[in-house]
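# Results of the structural survey
Each chain is listed here by its residues.
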Amino acid sequence: MRVSEDHPRYRSLVTRERMAEMVAGGVVSVTGLIAHGRGEAFDYLLGERTTPEAEGAEMAAAALLVLSERPIITVNGNAAALAVKELGELARISDAMLEVNLFHRSDERMEKVCAFVEAGTGEQVLGRIQDGILEGIASDRARCCRSGLMAADVVLIPLEDGDRAEAMVRVGKKIISIDLNPLSRTSQAATVAVVDELTRALPNISAWVEKLRKDPKEAGRVLTNFDNRKNLTSVLDRICHHLREPSSD
Ligand code: ATP
């Protein structure tokens, strides 16, 4: 379908078309489209822009990455379809590995997503051989890589589901989530919850990593001053305010 650039929802419509193509190509699952729709709804409520709370969280996320010893970025089908280039860029800048983890897993789909991410980032990804298990999760979703997620101290989880996020926290991982829903269990469980759209959040985090890696002391200060709970409360206040007075901010 051709979408006219004059359409007020041009970007959203183009993204939807692309996500639908990615379903046909096997990278995105059909239920991934529903998760995408939930994200769009929250983005609408936030005014479809990076809020001051998201900016603060993006800076704190970068600080956590700079201070980490073994960071990893997990990638699912939606994240790959939406932001493969930006994920590769952040992995390079923060010396993080990329690991593919799928909610709806089959060997065939895993190979498709790994190959897609490798082609889009130019980086090698983990995920084809999953020799680790995240305790406390039923089914295939517990599978991960021992040399990747299991060995990491900091895990960046874009668009993750709550079960896995909580399981990572239980085994001592520090979590950076990117999720437009401030109420999701993922955002609530995270060490740093970035409530922003993925393609806006990733370049901002990368830019902060570039700045903060030159000044680890400042990264420490940024982290000390960041309060995830307070930040999430402030996001919810912003949504309520936006609902009452949509044109005020
Ligand atoms: P949880 O299990 O954490 O309580 P959930 O059931 O909503 O939440 P999923 O549906 O598995 O979890 O995760 C998808 C999440 O990703 C949703 O919360 C949605 O808001 C978010 N999301 C979808 N698209 C984007 C996007 N482009 N940028 C940021 N977040 C997004």
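To keep things clear, this report deals only with the structure shown in the data block. Computed from a predicted structure; not experimentally measured.

Of regular secondary structure, the chain possesses 10 helices and 8 strands. Taking 18 Å as the expected radius of gyration for a compact globule of 249 residues, we find that the chain reaches 17 Å, a close match to that expectation. Taking all 249 residues of the chain together, 50% fall into the buried category. Of the contacts made within the chain by residues no fewer than 6 positions apart, 63% connect residues no fewer than 24 positions apart. Of the accessible surface of the chain, which amounts to about 12100 Å², a share of 53% is contributed by carbon and sulfur atoms. The average position of the 32 basic charges and that of the 38 acidic charges among the side chains of the chain differ by 2 Å.

Time to look at the packing of helix H1 (residues 10-24) against helix H2 (residues 30-45). Packing of H1 against H2 leaves a shortest axis separation of 9 Å and a crossing angle of 165°. Viewed along their axes, H1 and H2 adopt a mutual orientation that is roughly antiparallel. Where H1 crosses over H2, the handedness of that crossing is right-handed. Along the contact surface, H1 presents Ser12, Thr15, Arg16, Met19, Ala20 and Val23, while H2 presents Val30, Leu33, His36 and Glu40. For the contact of H1 with H2, the per-class residue count stands at 5 nonpolar, 3 polar and 2 charged.

On to helix H6 (residues 162-170). By the burial criterion, the buried members of H6 are Gly162, Arg164, Ala165, Ala167 and Met168. Of the residues trailing H6, Gly172 is marked for its positive phi of about 90°.

For the rest of this paragraph, the subject is the sheet that holds strand E6 (residues 154-158). Strand order in the open sheet formed by 6 strands is E3-E2-E1-E6-E7-E8, with parallel pairing between adjacent strands. At either end of the open sheet lies a strand with only one pairing partner, and these are strand E3 (125-126) and strand E8 (192-194). Where strand E2 (residues 97-100) and E3 come together, 2 bridges link them in parallel fashion. Within E3, the position partnered with Glu99 by the bridge is Leu126. Contacts between helix H4 (residues 77-93) and the sheet are confined to strand E1 (71-75), E2 and E6, with E1 contributing the most and set at about 165° to the helix.

Another aspect to go through is the site of the ligand. With respect to spatial proximity, 18 residues lie near the ligand, and among them Arg38, Gly162, Asp179, Thr186 and Glu197 are the closest. Within the contact set of the ligand, an oxygen atom lies 2.8 Å away from a side-chain nitrogen or oxygen of Asp179. Thr186 is positioned such that a nitrogen or oxygen atom in its side chain is 2.7 Å from an oxygen atom of the ligand. In isolation the ligand has 630 Å² of accessible area, and contact with the protein removes 87% of it. Of all the secondary-structure elements, those providing two or more residues to the shell around the ligand are H2 and helix H7 (185-189).

Calculation notes
Residues numbered from 1 in each chain as written. Predicted model: local features only at pLDDT ≥ 70, side-chain atom pairs only at ≥ 80, totals over all residues. Heavy atoms only, no water. Helix = DSSP H or I, 4+ residues; strand = E, 2+ residues; numbered from the N terminus. Rg over C-alpha atoms; globule rule 2.2 N^0.38 Å. Buried < 20%, exposed > 50% of the residue type's maximum accessible area, 1.4 Å probe, protein only. Contact = heavy atoms within 4.5 Å. Areas by Shrake-Rupley, 256 points an atom, 1.4 Å probe, with all protein chains shown as cover. Lys, Arg positive; Asp, Glu negative; His and termini not counted. Charge placed at Lys NZ, Arg CZ, Asp CG, Glu CD. Axes fitted to C-alpha atoms, helices over the stretch in contact; angles between N-to-C directions. Parallel < 35°, antiparallel > 145°, perpendicular 65-115°, else oblique. Left-handed = near helix turned anticlockwise from the far one by under 90°. Nonpolar A, V, L, I, M, F, W, Y, C, P; charged D, E, K, R; others polar. Pairing = 2+ DSSP bridges. Near = heavy atom within 4 Å. Polar contact = N/O pair within 3.5 Å; in protein donor to acceptor, adjacent residues only side chain to side chain.

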